[in-house]
Amino acid sequence: MKNVKSLVLSLLLFVPFLYACEEKTDVVESGTYQGVIDDVEAEETEIYVKTDDDKRLELYFNESTQLTQNGQPIQFDQLKEGDRVEVEVEKVGNRLEPVAVRLLQANE
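Overview of the structure. Computed from a predicted model, the values in this text were never measured in an experiment.

Quick look at the pairing of strand β2 (residues 46-51)
Next up, step 1: The element β2 is extensively covered by neighbouring structure, given that five of its six residues are classed as buried.
Next up, step 2: Note: strand β1 (residues 31-41) against β2, six bridges, orientation antiparallel. Bridge pairing links Val40 to Ile47 in β2.
Next up, step 3: Adjacent in sequence and paired antiparallel, β1 and β2 are bridged by four residues, among which Thr45 carries a positive phi angle near 50°.
Next up, step 4: Pairing of β2 with strand β3 (residues 56-60) involves five bridges; the strand directions are antiparallel. Bridge pairing links Val49 to Leu57 in β3.
Next up, step 5: In sequence, β2 turns back onto β3 through a hairpin of four residues, with Asp54 there showing a positive phi of about 65°.

Some points on the packing of aromatic side chains
How two aromatic rings sit relative to each other is set out by the distance from centre to centre and by the angle between their planes.
Next up, step 1: Counted according to the given criterion, the structure contains one aromatic pair.
Next up, step 2: Measuring from centroid to centroid gives 5.0 Å for Phe61 and Phe76, while their planes differ by 80°, and the two rings are edge-to-face. Separated by 15 residues along the polypeptide, Phe61 in the loop between β3 and β4 (66-69) and Phe76 in the loop between β5 (72-73) and β6 (84-92) bring together distant segments of the chain. Of the two residues examined, Phe61 and Phe76, each falls in the buried class.

Description of the environment of Lys24
Next up, step 1: Locating Lys24 in the fold gives a position in the loop between α1 (2-21) and β1.
Next up, step 2: A relative accessible area of 57% places Lys24 in the exposed class.
Next up, step 3: When the C-alpha atoms of Lys24 and Lys55 are compared, they prove to be 9.3 Å apart, with 31 residues separating the residues in sequence.
Next up, step 4: A polar atom in the side chain of Lys24 sits 2.5 Å from the side chain of Asp26.

Points about the sheet that holds β6
Consider a sheet: its strands pair through backbone hydrogen bonds, and that pairing is either parallel or antiparallel.
Next up, step 1: Here seven strands make up an open sheet; going across it, the order is β3-β2-β1-β6-β7-β4-β5 and the pairing mixed. Each of the sheet's edge strands pairs with one partner strand only, and the pair in question is β3 and β5.
Next up, step 2: Pairing geometry for β4 and β5, over two bridges, is antiparallel. In the sheet register, Gln69 faces β5, and the bridge partner there is Gln72.

Thoughts on the side chain of Glu46
Next up, step 1: Looking at where Glu46 falls in the secondary structure, it is placed in strand β2.
Next up, step 2: Here Glu46 occupies a buried position and makes no salt bridge, while the nearest side chain of opposite charge, Arg56, is found at 7.8 Å.
Next up, step 3: Separated by 2.9 Å, the side chains of Glu46 and Tyr48 make a polar contact.
Next up, step 4: Every residue in contact with Glu46, bar those within four places of it in the chain, is listed here: Asp39, Val40, Glu41, Glu58, Leu59, Tyr60 and Phe76.

Considering the nonpolar core
Next up, step 1: If you look at the biggest cluster of nonpolar residues, it comprises 18 residues, and the most contacted ones within it are Ile47, Leu59, Leu79 and Val87.
Next up, step 2: Of all the secondary structure elements, the ones that give two or more residues to this core are β1, β2, β3, β6 and β7 (95-105).
Next up, step 3: In contact with Ile47, not counting residues within four places along its chain, are Ile37, Asp39, Val40, Leu57, Glu58, Leu59, Phe61, Phe76, Leu79 and Val101.

Here is what the cut-offs are and how they apply
Residues numbered from 1 in each chain as written. Predicted model: local features only at pLDDT ≥ 70, side-chain atom pairs only at ≥ 80, totals over all residues. Heavy atoms only, no water. Buried < 20%, exposed > 50% of the residue type's maximum accessible area, 1.4 Å probe, protein only. Helix = DSSP H or I, 4+ residues; strand = E, 2+ residues; numbered from the N terminus. Pairing = 2+ DSSP bridges. Phe/Tyr/Trp six-rings, centres within 6.5 Å; stacked < 30°, edge-to-face > 60°. Polar contact = N/O pair within 3.5 Å; in protein donor to acceptor, adjacent residues only side chain to side chain. Lys, Arg positive; Asp, Glu negative; His and termini not counted. Salt bridge = Lys/Arg side-chain N within 4 Å of Asp/Glu carboxyl O. Contact = heavy atoms within 4.5 Å. Core = buried A, V, L, I, M, F, W, Y, C linked by side-chain atoms within 4.5 Å.

Shown next, in the form of structure tokens:
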């Protein structure tokens, strides 16, 4: 019984640590923003963009998200951490929907 209490207490103390490790994201108004991709989650078709005004946007791509470079369509797997992008987002409640993502400069 003492071991169970210790385990439960340890778990309760560990949970806040996990939340503290998550990097905060921001919800901005609908519009167009420029910045750099700081994380790509390929399995989730998701990117995180650090904007020029120091916001961190979490963007889950959907079937209507337009992804282009120089006006031509590109595939999601071409996006890499460090790429410079311009994103057009629509604020829907407390989340952002990416309408368009334009790859401005690929990180070589």
